[in-house]
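# Structural overview
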Amino acid sequence: MDILLEWLTILVRWAHIMAGISWIGTSFYFNWFDLSSRPPKEPVLKENVRNTLHEVHGGSFYYHEQYWPGSDYKRTLAHSGPAQLTFLTGAALLALIYWYGVSIYLIDPLVYNLSKPGAILLSVGSIAIAYPLYDKLCREVDDDRKVFAVVAIATAVAAFALSQFFGGRAAYLHVGAVLGTIMAANVQFVIIPNHIAMRRQIQAGEKLDTHHGFLAKRRSQHNNYITLPVIFSMLGIHFPLAYSHQYAWIILSLVMLAGVMLRHFRNIQFTSEKKDYRLLAVAAVCGVIAIGLTYIPKPAAQQDPAELTDPVLKDIYELVQQRCATCHSAQPTSEDFTSAPLGFMLDTLAQLRAKANLVYQRTLVTKDMPIGNVTNMTEVERERLRAWLQSIGAGPLPEE
Ligand code: HEC
């Protein structure tokens, strides 16, 4: 990858995380505010005050009134910028990393032999289709418990379906991207337009239709519950223990459900100061099952013995088993790894062939594999590997 392009992905990732933190920070703050504020007991300043809240933070005391305005206040601030920026930088990252590097990051021929356009189409399609379906559900079903149940099942189905076509890492990322896009679309297509509609009414001197406010609040609340699942599945791309497991999609679904339970536990606590420990119990059960599943050993792909009758193939196979598969295996023998780094396994020649360019790059160009050369791979061995990789048409990256 070109150095400038790599810097671009670094900077966009930085912006993505910062925008995401700002978005979630304000969103969590206002969620907390709405649930923690209470109807006023003392005289208030504004008309139609619903709730007030006293706070102390960073050396100052604050007093807020939550109200339905009768007239427009020119300097009314909104907070949608970070949501839009998070979405745009996320889309840019997806394009830069997963679409530009489609054959490294998106296609795993051992999972499904997608063509490059097919893989990108599936990536775009899965993300594009989710919001219209969810939006239709929200418009037709008023009971949010039902909406939650459908979204939870649909998310688990999506996690399963995506893991049938993409490698584990890409599948986790796409579940996160699908949910994150729903959140951003909620802001863009429901929350902002309803805010604008209310301001227009006030500016025109009309009676405020507070239903707009409730519509916006509903989606904002959905976003609040989706946040923990999104963060886990996005971060999950760093956890090969989870994403490269044969039950990766179940593990992901369980942890996401636990996240929603934890969120709900806190939200109830803000509103009523009560603690519903049943929610914590459900979260704990989900967590224990998810962790338990990761103890089930991942079955290693079996090398076809017929291939090893060829002396060259036998030599390459043994070389890779000795120098690489201590870490890169379904069951690593290296004490430093419980699962293959980046979920990348080299138990068979088929797995080696499937990522031959990547292996060429890391073993013969950057030469940072074996990591720290802890398995003492010699230059002679590297050259033997090079000759064989070249004989099957492999070469350095980028090949896009
Ligand atoms: C001591 C453990 C260890 C050994 C031995 C090892 N690797 Fe790695 N490998 C890692 C770690 C950790 C990473 C992830 C960090 C990184 O990418 O720098 C990794 C990443 C990789 C990747 C990137 C995978 C991806 O999906 O981006 C490739 C390719 C790779 N190794 C090839 C090899 C090859 C080929 C060998 C043997 C010649 C080898 N490694 C030996 C630990 C090891």
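Worth saying up front: this structure is predicted, and the values here are computed from it rather than measured.

Okay, the pattern of salt bridges next. It is possible for side chains of opposite charge to pair when their charged atoms get near one another. Tallied over the full model, the rule gives 17 salt bridges. A salt bridge links E381 to R323, with the nearest nitrogen and oxygen atoms 2.8 Å apart. Linking E381 in helix 14 (residues 379–391) with R323 in helix 11 (residues 311–323), this pair joins segments that are 58 residues apart in sequence. The same class applies to E381 and to R323, which are both buried.

Orientation of helix 9 (residues 248–272) relative to helix 10 (residues 277–295), taken along the N-to-C sense of each, is 160 degrees, at an axis distance of 8 Å. One way to sum up the angle between helix 9 and helix 10 is to call them roughly antiparallel. Seen from above, helix 9 lies across helix 10 with left-handed handedness. Where helix 9 approaches helix 10, its residues I250, I251, L254, V255, L257, A258, M261, L262, H264, F265 and I268 are matched on the opposing element by Y277, L279, L280, V282, A283, C286, I289, A290, L293 and T294.

Two strands pair when backbone bridges link them, and strand 1 (residues 49–57) and strand 2 (residues 60–67) are joined in this way by eight bridges, in the antiparallel orientation. Looking at the pairing, H54 lines up with Y63 of strand 2. Hairpin connection, strand 1 to strand 2: the antiparallel pair is bridged by two residues, and G58 has positive phi, about 55 degrees.

Further remarks concern the environment of D368. Structurally, D368 can be placed in the loop between helix 13 (356–365) and helix 14. For D368, a relative accessible area of 31% gives the class partly exposed.

You can see H174 is positioned in helix 6 (residues 168–203). By relative accessible area, H174 is classed as buried at 0%. A polar contact is formed between the side chain of H174 and the backbone oxygen of A170, at a distance of 2.8 Å.

With that settled, consider the coordination of the iron atom of the ligand. Bound to the iron atom of the ligand on the protein side are H328 (NE2) and M369 (SD), at distances that span 2.0 to 2.2 Å. Here the iron atom of the ligand is ringed by six donor atoms whose angles at the metal span 88 to 179 degrees, and the overall shape comes out octahedral. With H328 in the loop between helix 11 and helix 12 (349–354) and M369 in the loop between helix 13 and helix 14, the pair connects residues that are 41 residues apart, well separated along the chain. In this structure H328 comes out as buried when scored by relative accessible area, which is 12%. The buried category is assigned to M369, whose relative accessible area is 19%.

Moving on to the site of the ligand. Around the ligand there are 21 residues in total, and C324, C327, H328, R362 and M369 lie nearest to it. One of the side-chain N or O atoms of R169 is found 3.0 Å from an oxygen atom in the ligand. The side chain of R362 places a nitrogen or oxygen atom 2.7 Å from an oxygen atom of the ligand. At four residues, the largest contribution of residues to the shell around the ligand is made by helix 13. Grouping the constituent residues of the shell around the ligand by class yields 14 nonpolar, four polar and three charged.

Going from M369 to P370, the amide bond is cis rather than trans, its omega being -10 degrees. With a phi angle near 50 degrees, N48 is a residue other than glycine that sits in the positive phi range. Looking at the element boundaries, N48 is found in the loop between helix 1 (3–36) and strand 1. Unlike most non-glycine residues, K367 shows phi in positive territory, near 55 degrees.

Viewed as axis vectors pointing N to C, helix 5 (residues 144–165) and helix 9 meet at an angle of 155 degrees, and their least axial separation amounts to 9 Å. The angle between helix 5 and helix 9 falls in the class roughly antiparallel. When the axes of helix 5 and helix 9 are compared, the crossing they make is right-handed. Contacts from F148, T155, A156, A159, F160 and S163 in helix 5 reach W249, L252, S253, M256, L257, V260 and M261 in helix 9. The class makeup of the residues in the contact of helix 5 with helix 9 is 10 nonpolar, three polar and no charged.

Looking now at helix 14. Its 13 residues place the ends of helix 14 18 Å apart at the C-alpha level, agreeing with the 18 Å of an ideal helix rising 1.5 Å per residue. Within the span of helix 14, buried status applies to E381, R382, L385, W388 and L389. The arc that holds every buried residue of helix 14, seen down its axis, measures 130 degrees, which confines them to one face. Turned more than 90 degrees away from the buried face of helix 14, the exposed residues are V380 and S391. Lining the buried residues of helix 14 we find helix 11, helix 12 and helix 13.

This part covers the domain arrangement of the protein. As assigned here, the protein comprises domain 1 (80–295) and domain 2 (305–391). A straight line from the C-alpha centre of domain 1 to that of domain 2 covers 36 Å. Taken together, the contact pairs 10 residues of domain 1 with 10 residues of domain 2. Across the domain 1 to domain 2 interface the summed buried area is about 760 Å²; carbon plus sulfur atoms make up 65%. Run the count over domain 1 and domain 2 and you get zero salt bridges. Of all elements in the fold, only helix 3 (102–106) and helix 8 (240–243) reach the threshold of two or more residues within the side of domain 1 that touches domain 2. Ranked by residues supplied to the side of domain 1 that touches domain 2, first place goes to helix 8 with three residues. A class-by-class count of the residues in the side of domain 1 that touches domain 2 yields seven nonpolar, two polar and one charged.

Rules of the game
Residues numbered from 1 in each chain as written. Predicted model: local features only at pLDDT ≥ 70, side-chain atom pairs only at ≥ 80, totals over all residues. Heavy atoms only, no water. Salt bridge = Lys/Arg side-chain N within 4 Å of Asp/Glu carboxyl O. Helix = DSSP H or I, 4+ residues; strand = E, 2+ residues; numbered from the N terminus. Buried < 20%, exposed > 50% of the residue type's maximum accessible area, 1.4 Å probe, protein only. Axes fitted to C-alpha atoms, helices over the stretch in contact; angles between N-to-C directions. Parallel < 35°, antiparallel > 145°, perpendicular 65-115°, else oblique. Left-handed = near helix turned anticlockwise from the far one by under 90°. Contact = heavy atoms within 4.5 Å. Pairing = 2+ DSSP bridges. Polar contact = N/O pair within 3.5 Å; in protein donor to acceptor, adjacent residues only side chain to side chain. Donors = N, O, S within 2.8 Å, 3.2 Å for Na, K, Ca; no water. Tetrahedral: all angles 85-135°; square planar, octahedral: opposite > 155°, others 65-115°. Near = heavy atom within 4 Å. Nonpolar A, V, L, I, M, F, W, Y, C, P; charged D, E, K, R; others polar. Expected span 1.5 Å × (residues − 1). Arc of directions from axis to C-beta. Domains from an automatic or database assignment. Buried area = accessible area lost by both parts, 1.4 Å probe.

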